[in-house]
Amino acid sequence: SIMGTQLLVYFLLNFAACSVIGDLPLPTPDQLEWSKWELGALVTFNMATYLPAGDGCGFPGNGVPAPSLFNPSKINTDQWATAFQAFGAKYAVLVAKHNCGFTLWPSKVHFPEFNFTYNYTVAQSKSPVQDVVGNFVKSCRSHNIEPGFYYSVVSNYYMNVHSSKVQQEKLMPGMANVTQDQYFQVVIAQLNELWGEYGSLG
């Protein structure tokens, strides 16, 4: 009968679904803990904050914005953390490097083998805080908020990178001249700085 066929199909579909669900991976303890945090904050504060439109470093462009443009004379990461705490955030993520390539920590990445030093950081700016990432982490921890970082790998205008690839067009003023492999080495070195120098991250 039609009813019998429908019941059989229903049974088989449910049996198949149960079989599949039984094979699904379970969340790790860390993932379960993260899900309990519920609310978080994302802070996008970088070179683009001081530029007129977009992320400030789109393709094509007119050269790399000077580090001196970054001049947060009243920066106060404790104020940020107080705001996070006020709305119930349990974690906060700082954009440590966005598409311009400007880093909010004094990156010391240096590769003498291909004559490269990463010279597009907060250390070359007018900022009174020479390690925004470090201050951010300290402020978060003092307010019982788990800190984390966002680092853009797919774009770095300073290094002439778009969609994860070093571009072949003529270099604009201020751009570093690197190969694809050299770019990957810089990324790994900077991620090691972020992961290795600021303690446990959320």
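Use the structure listed above.
Residues numbered from 1 in each chain as written. Predicted model: local features only at pLDDT ≥ 70, side-chain atom pairs only at ≥ 80, totals over all residues. Heavy atoms only, no water.

Student: I keep staring at the overall build of the chain and nothing clicks. Help me out?
Tutor: Summing up its helical and strand segments, the chain has five helices and seven strands in all. Helices and strands in the chain line up, N terminus first, as α-α-β-α-β-β-β-α-β-β-β-α. Working note: accessible area of the chain is about 11800 Å², and carbon and sulfur atoms make up 60% of it. (Helix = DSSP H or I, 4+ residues; strand = E, 2+ residues; numbered from the N terminus. Areas by Shrake-Rupley, 256 points an atom, 1.4 Å probe, with all protein chains shown as cover.)

Student: Could you clarify how one ought to interpret helix α3 (residues 77-86) in this entry?
Tutor: Residue pairs three or four apart in sequence face the same way in an α-helix, which turns once every 3.6 residues. Every buried residue of α3 is accounted for by Thr77, Trp80, Ala81 and Phe84. Take α3 and look down its axis: the buried residues cluster within an arc of 95°, on one side only. Exposed and oriented more than 90 degrees from the buried face of α3 are Gln79 and Ala86. Residues of α3 that are buried make contact with β1 (40-43), β2 (91-97) and α4 (132-142). Remark: Gly88 follows α3 within two positions and exhibits a positive phi of approximately 95°. (Buried < 20%, exposed > 50% of the residue type's maximum accessible area, 1.4 Å probe, protein only. Arc of directions from axis to C-beta. Contact = heavy atoms within 4.5 Å.)

Student: What is the right way to read the sheet that holds strand β5 (residues 146-151) from this model?
Tutor: Hydrogen bonds along the backbone pair up the strands of a sheet, which may run parallel or antiparallel. If you walk across this open sheet you meet the three strands as β1-β2-β5, and the pairing is parallel. Each edge of the open sheet carries a strand with a single partner, namely β1 and β5. Strand-to-strand, the axes of this sheet are offset by a mean angle of 25°, without reference to chain direction. Pairing between β2 and β5: six bridges, direction parallel. Paired with Val95 across the strands is Tyr150, a residue of β5. (Pairing = 2+ DSSP bridges. Axes fitted to C-alpha atoms, helices over the stretch in contact; angles between N-to-C directions.)

Student: Sorry if this is basic, but what is going on with the pairing of β1 here?
Tutor: Both faces of the sheet carry side chains from a regular strand, because those side chains alternate between them. A one-sided burial pattern is seen for β1, the buried positions being Ala41 and Val43 and the unburied ones Gly40 and Leu42. The pairing of β1 with β2 spans four bridges and is parallel. Following the sheet pairing, Leu42 is matched in β2 by Val93.

Student: Could you clarify how one ought to interpret the packing of aromatic side chains in this entry?
Tutor: How two aromatic rings sit relative to each other is set out by the distance from centre to centre and by the angle between their planes. Using the criterion set out here, one finds 17 aromatic pairs in the structure. With a centroid separation of 5.0 Å and an interplanar angle of 45°, the aromatic rings of Phe70 and Phe102 are classed as tilted. In this pair, Phe70 is assigned in the loop between β1 and α3 and Phe102 in the loop between β2 and β3 (110-111), connecting sequence segments 32 residues apart. An identical accessibility class is assigned to Phe70 and Phe102; each is buried. Geometrically, the ring pair formed by Phe114 and Phe116 is stacked, given 6.1 Å between the ring centres and 25° between the ring planes. Taken as a pair, Phe114 and Phe116 share a single burial class, namely buried. In textbook terms, an aromatic cluster arises when at least three aromatic residues are bridged by ring pairs, as seen for Phe45, Tyr50, Phe70, Trp80, Phe102, Phe111, Phe114, Phe116, Tyr118, Tyr120 and Tyr158. Between Lys97 and the ring centre of Tyr151, over which it is positioned, the NZ or CZ distance is 5.0 Å. (Phe/Tyr/Trp six-rings, centres within 6.5 Å; stacked < 30°, edge-to-face > 60°. Lys NZ or Arg CZ within 6 Å of the ring centre and 35° of its normal.)

Student: I'm lost on unusual backbone geometry in this one. Help?
Tutor: With the exception of glycine, most residues fall at negative phi, and the peptide bonds are largely trans. In this model, Asn144 sits at a positive phi of 55°, which is unusual for a non-glycine residue. With respect to the element layout, Asn144 can be found in the loop between α4 and β5. What makes Asn144 exposed here is its relative accessible area of 67%. Its identity as a non-glycine residue notwithstanding, Ser163 has a phi of 55°, on the positive side. Looking at the secondary structure, you find Ser163 in the loop between β6 (161-162) and β7 (165-166).

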